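Residue-level listing of the chains:
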Amino acid sequence: MERPRSGASWCQTAPVDPALGDDQLMAAMLAASRVLVAMSASSIEASPVEVTLNQYRALVVLAGRSPIHMADLGRELSISPSSTTRLVDRLERKGLVSRSANEASRRSVDLRLEPAGEDLVASVMAERRRRFAEVLAGLPERRRNAMAKAFGDLAALMGEPVDDVSAALLGRTAVRR
């Protein structure tokens, strides 16, 4: 069965019945995950500069915490030091990030998001916001509020900040440091 790619029809199903248990919750989470991954991937594909999902994830981390030590970026992305170096090499060649020696420790390298990287993150986030707004347009406010709470709870459970990075990524605060 073909799933709708836009509009609010995917979210007009009945709410999860708590009496049905974890199976329905897991099925709903997996379905939502597929939709969110597809929307994320297509918004990255629409960006003005070609980047991979991992490269984009690095840019998002930098958008919220620039400058950051290269080792900390690798830990944040759960990738090895050599993979981090290759990822940063590619982003630097594209003019999206810059690196410099850390003033406190010559062995440490600091990374900064360049204006082109900020622009790329902003354009991808704008496209995501547009697509989410389109999908959620027909949803009653009560349901939107419930979804906001549920997604906020999920982000908190996963250790993902909602307010600090999101404000910068949504263009409400300056990202540049």
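Residues numbered from 1 in each chain as written. Predicted model: local features only at pLDDT ≥ 70, side-chain atom pairs only at ≥ 80, totals over all residues. Heavy atoms only, no water.

Draft legend 1. Up close: helix H5 (residues 115-136). The first and last C-alpha atoms of H5 sit 31 Å apart over 22 residues, in line with the 32 Å expected at 1.5 Å per residue. When H5 is considered as a whole, its buried residues turn out to be Gly-117, Glu-118, Leu-120, Val-121, Val-124, Met-125, Glu-127, Arg-128 and Val-135. (Helix = DSSP H or I, 4+ residues; strand = E, 2+ residues; numbered from the N terminus. Expected span 1.5 Å × (residues − 1). Buried < 20%, exposed > 50% of the residue type's maximum accessible area, 1.4 Å probe, protein only.)

Draft legend 2. Structural view of the sheet that holds strand E3 (residues 109-113). Spatially, E1-E3-E2 is the arrangement adopted by the three strands of the open sheet, whose pairing is antiparallel. Strand pairing shows two members of the sheet lacking a second neighbour, strand E1 (68-69) and strand E2 (97-101), which therefore form its edges. Pairing geometry for E2 and E3, over five bridges, is antiparallel. Along E3, the bridge assignment pairs Ser-98 with Arg-112. Strands E2 and E3 of the sheet are contacted by helix H4 (residues 81-93), whose axis makes an angle of about 120° with E2. (Pairing = 2+ DSSP bridges. Contact = heavy atoms within 4.5 Å. Axes fitted to C-alpha atoms, helices over the stretch in contact; angles between N-to-C directions.)

Draft legend 3. View of the pairing of E3. Pairing analysis gives two bridges linking E1 to E3, with the strands arranged antiparallel. Residue His-69 lies in a different strand from E3, and its bridge partner there is Asp-110.

Draft legend 4. Quick peek at a nonpolar patch on the surface. Taken together, Leu-25, Met-26, Met-29, Leu-30, Phe-151, Leu-154, Leu-157 and Met-158 make up a surface patch of nonpolar side chains, about 800 Å² in accessible area. Note that Leu-154 resides in helix H6 (residues 141-157). (Patch = residues over 30% accessible without salt bridge, like charges linked within 9 Å, V, L, I, M, F, W, Y side chains within 5 Å. Areas by Shrake-Rupley, 256 points an atom, 1.4 Å probe, with all protein chains shown as cover. Salt bridge = Lys/Arg side-chain N within 4 Å of Asp/Glu carboxyl O.)

Draft legend 5. Expanded view of the pattern of salt bridges. Scanning the entire structure with this criterion turns up eight salt bridges. For Arg-65, the salt bridge is made with Glu-76, and the minimal N-O distance between the two is 2.9 Å. On the criterion of sequence distance, the pair formed by Arg-65 in helix H2 (residues 53-65) and Glu-76 in helix H3 (residues 70-77) is long-range, its members being 11 residues apart. Across the pair Glu-92 and Arg-99 runs a salt bridge, and its minimum N-O distance is 2.9 Å.

Draft legend 6. Quick look at the nonpolar core. If you look at the biggest cluster of nonpolar residues, it comprises 24 residues, and the most contacted ones within it are Tyr-56, Leu-59, Leu-73 and Leu-91. Listed by contribution, the elements that provide at least two residues to this core are H2, H3, H4, E3 and H5. If one sorts the elements of this core by residue count, H2 sits on top with seven residues. Tyr-56 has contacts with Ile-44, Val-51, Leu-120, Val-121, Val-124, Met-125 and Arg-128, leaving out every residue within four places of it along the chain. (Core = buried A, V, L, I, M, F, W, Y, C linked by side-chain atoms within 4.5 Å.)

Draft legend 7. Structural detail: the packing of H2 against H4. Relative orientation of the contacting elements H2 and H4 amounts to 80°, with a least axis distance of 10 Å. Considered as vectors, H2 and H4 are oriented roughly perpendicular to each other. Contacts between H2 and H4 pair Asn-54, Gln-55, Ala-58 and Leu-59 from the former with Leu-87, Arg-90 and Leu-91 from the latter. Partitioning the contact of H2 with H4 into residue classes produces four nonpolar, two polar and one charged. (Parallel < 35°, antiparallel > 145°, perpendicular 65-115°, else oblique. Nonpolar A, V, L, I, M, F, W, Y, C, P; charged D, E, K, R; others polar.)

Draft legend 8. A look at the confidence of the model for the protein chain. In the predicted model, the protein chain carries a mean pLDDT of 81, and the fraction of residues at 70 or more is 80%. Within the protein chain, no element has a lower average pLDDT than helix H7 (residues 163-169), which sits at 56, and none a higher one than H4, at 95. Note that residues 1-13 has pLDDT below 50 and, in this model, 14 contacts with residues that lie over four places away or in other chains. Taken as a whole, residues 172-177 scores under 50 in pLDDT and shows 14 contacts with residues more than four places along the chain or in a different chain. (pLDDT = per-residue confidence, 0-100.)

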